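Observations on the model geometry
Now for the letters of each chain:
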Amino acid sequence: ELQSLSVEETEEVLIKLRQEMFKNGFEVIYTRKNGETFFAMVYFEIIETGANKYTITSYQDVTERKMAEEKIAVTARQLSAAQKIAHIGNWELDLKTNKISYSDEFFRIYGFEPEEIDLVYGKFSDYTVEEDKEFVKSIPTKALEDKQPFTFNYRIKDRNNELKILNTIGEI
């Protein structure tokens, strides 16, 4: 579509794209002469020399990256479906940042919709049955000391006050 614009109009569009939307390039789908499509990252720079302005454009084929991203997305959807069917959730704690991430099914086990509440590390212990809290709290410390995989059972009451027994398997 840029080809149908005048040089000045094309320059205006590219400047606007550069300033407002695509500071580090943008992705497009191209079709080769043989009909095969591929993904490309387009980078451009507008150069002024005297009264003349030039647009330098480069293209990088990112088809393999896009295909890998799609494969990862499919695998993530399959994992999520499998967890939902089996009613298995998981979480991961980054020990360097103390940031924790939970699977969607983890939220459902506790009676919530995914991301419905902010479960900061330790918050889920609010749902642990009182008699099990000290034991559950001691597991991460012991796991860090032992550097061994661990398995334990404990009880929670979900948001609807339904008693559940959870089997936890973890590793450091």
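Cut-offs applied
Residues numbered from 1 in each chain as written. Predicted model: local features only at pLDDT ≥ 70, side-chain atom pairs only at ≥ 80, totals over all residues. Heavy atoms only, no water. Pairing = 2+ DSSP bridges. Helix = DSSP H or I, 4+ residues; strand = E, 2+ residues; numbered from the N terminus. Buried < 20%, exposed > 50% of the residue type's maximum accessible area, 1.4 Å probe, protein only.

Next up on the list: the pairing of strand β4 (residues 91-94). Summarising the sheet, β4 and strand β5 (residues 99-102) pair through 4 bridges and their orientation is antiparallel. Each bridged residue has a counterpart across the sheet, and for Trp91 the counterpart in β5 is Tyr102. Counting the residues between successive antiparallel strands, the hairpin from β4 to β5 contains 4 residues, one of them, Asn98, with a positive phi of roughly 60 degrees.

Alignment of strand β1 (residues 26-31) against strand β2 (residues 37-49), held across 6 bridges, turns out to be antiparallel. By the bridge assignment for β2, Tyr30 is matched with Phe38. For β2 and strand β3 (residues 52-61), the ladder comprises 10 bridges, and the chain directions are antiparallel. Paired with Thr49 across the bridge in β3 is Asn52. The turn linking β2 back onto β3 is made up of 2 residues, and Gly50 within it adopts a positive phi angle of 65 degrees.

Attention shifts here to unusual backbone geometry. Of note, Lys147 is a non-glycine position whose phi angle comes to about 50 degrees, a positive value. When you line up the elements, Lys147 lands in the loop between α4 (133-146) and β6 (150-157). Residue classification places Lys147 among the exposed positions, given a relative accessible area of 61%.

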